[in-house]
Amino acid sequence: MTLVDWRASPHLLASILRQHGQAPGAITDTRAAWAAFAEFAQTKVAGIDTQPDSDSDGFILQWGRWSWHDRRPSMSFTRQVAVPYRDGQFEGFVELWQIELVLFYEDSGMLSSHSDQDTGFYFPNDNEEWQAALAEAQDFPPFQAVAKTAPVSSSLTLEHAD
């Protein structure tokens, strides 16, 4: 299996989304987007920190009406990777990058009942742990609330998280 460089990981997620019948900038099915993200989250990427137990590769689900999303109801699926600094001055240190898929929803009473919250970060170490963590995250109450709801828009980004 060929590893994809971490910088190309948004393109990998976009490709997996298309395999699930979804356009990265126009998601219409929350469950299909989640299935694509879960597949992407379990795909190994190259160029990340390889220290044992370094929390170098993980994910989080976030629900809320964040100021940076104009307070629109949104669910984000985020994979975070730790990348070694290339500058010799910071040898042994990492910088954090996030590949984030955000789904935006129409406001409704059902969605208003969920306050801003997240699952906390999961940093699984092997395939079995990844599968268990993804299954647990899928039970996140806000995700369950929007699982059958079509998003009105979406975005896919790669951003520095430090």
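The structure displayed is predicted, hence computed values, not measured ones.

Caption draft 1: Examining the packing of helix 1 (residues 9–19) against helix 2 (residues 30–41) more closely. Where helix 1 meets helix 2, the closest approach of the two axes is 9 Å, and the angle between their N-to-C directions is 135°. What the angle tells us is that helix 1 and helix 2 run oblique. The handedness of the crossing between helix 1 and helix 2 is right-handed. Contacts between helix 1 and helix 2 involve S9, L12, L13, I16, L17 and Q19 from the first element and A33, A36, F37, E39 and F40 from the second.

Caption draft 2: Just the nonpolar core, in detail. With 38 residues, the main nonpolar core has W34, F59, L61, M75 and F77 as its most contacted residues. When contributions to this core are tallied by element, the ones reaching two or more residues are helix 1, helix 2, strand 3 (57–64), strand 4 (74–84), strand 5 (94–104), helix 4 (127–138) and helix 5 (141–146). It is helix 2 that contributes the most residues to this core, seven residues altogether. Excluding anything up to four places from it in sequence, W34 contacts F59, L61, F77, L134, A137, Q138 and F143.

Caption draft 3: Just the pattern of salt bridges, in detail. Per the stated rule, a full pass over the model turns up three salt bridges. For D57, the salt bridge goes to R79, with nearest N and O atoms at 2.7 Å. Note that D57 is positioned in strand 3 and R79 in strand 4, a separation of 22 residues in sequence. Comparing D57 with R79 shows no difference in burial state: the two are buried.

Caption draft 4: Looking closely at the sheet that holds strand 3. Spatial strand order, 6-3-4-5-7: five strands in an open sheet with antiparallel pairing. Looking at which strands have only one partner, the edges of the open sheet turn out to be strand 6 (117–118) and strand 7 (153–160). Of the strand pairs in this sheet, strand 3 and strand 4 are connected by eight bridges, and their pairing is antiparallel. Counted as the bridge partner of F59 is R79 from strand 4. Packed onto the sheet, helix 1 meets strand 5 and strand 7 and runs at close to 30° relative to strand 5.

Caption draft 5: Helix 4, seen in detail. Over its twelve residues, helix 4 runs 17 Å from end to end, which matches the ideal 16 Å to within 8%, given 1.5 Å per residue. The set of residues buried in helix 4 consists of W130, A133, L134 and A137. What you see down the axis of helix 4 is that its buried residues fit within an arc of 100°, all on one side. Counted as exposed and oriented over 90 degrees from the buried face of helix 4: E128 and E136. Summarising the contacts, the buried residues of helix 4 are in contact with helix 2 and strand 3.

Cut-offs applied
- Residues numbered from 1 in each chain as written.
- Predicted model: local features only at pLDDT ≥ 70, side-chain atom pairs only at ≥ 80, totals over all residues.
- Heavy atoms only, no water.
- Axes fitted to C-alpha atoms, helices over the stretch in contact; angles between N-to-C directions.
- Helix = DSSP H or I, 4+ residues; strand = E, 2+ residues; numbered from the N terminus.
- Parallel < 35°, antiparallel > 145°, perpendicular 65-115°, else oblique.
- Left-handed = near helix turned anticlockwise from the far one by under 90°.
- Contact = heavy atoms within 4.5 Å.
- Core = buried A, V, L, I, M, F, W, Y, C linked by side-chain atoms within 4.5 Å.
- Buried < 20%, exposed > 50% of the residue type's maximum accessible area, 1.4 Å probe, protein only.
- Salt bridge = Lys/Arg side-chain N within 4 Å of Asp/Glu carboxyl O.
- Pairing = 2+ DSSP bridges.
- Expected span 1.5 Å × (residues − 1).
- Arc of directions from axis to C-beta.

Purely geometric stuff here, so don't read any function into it on its own.
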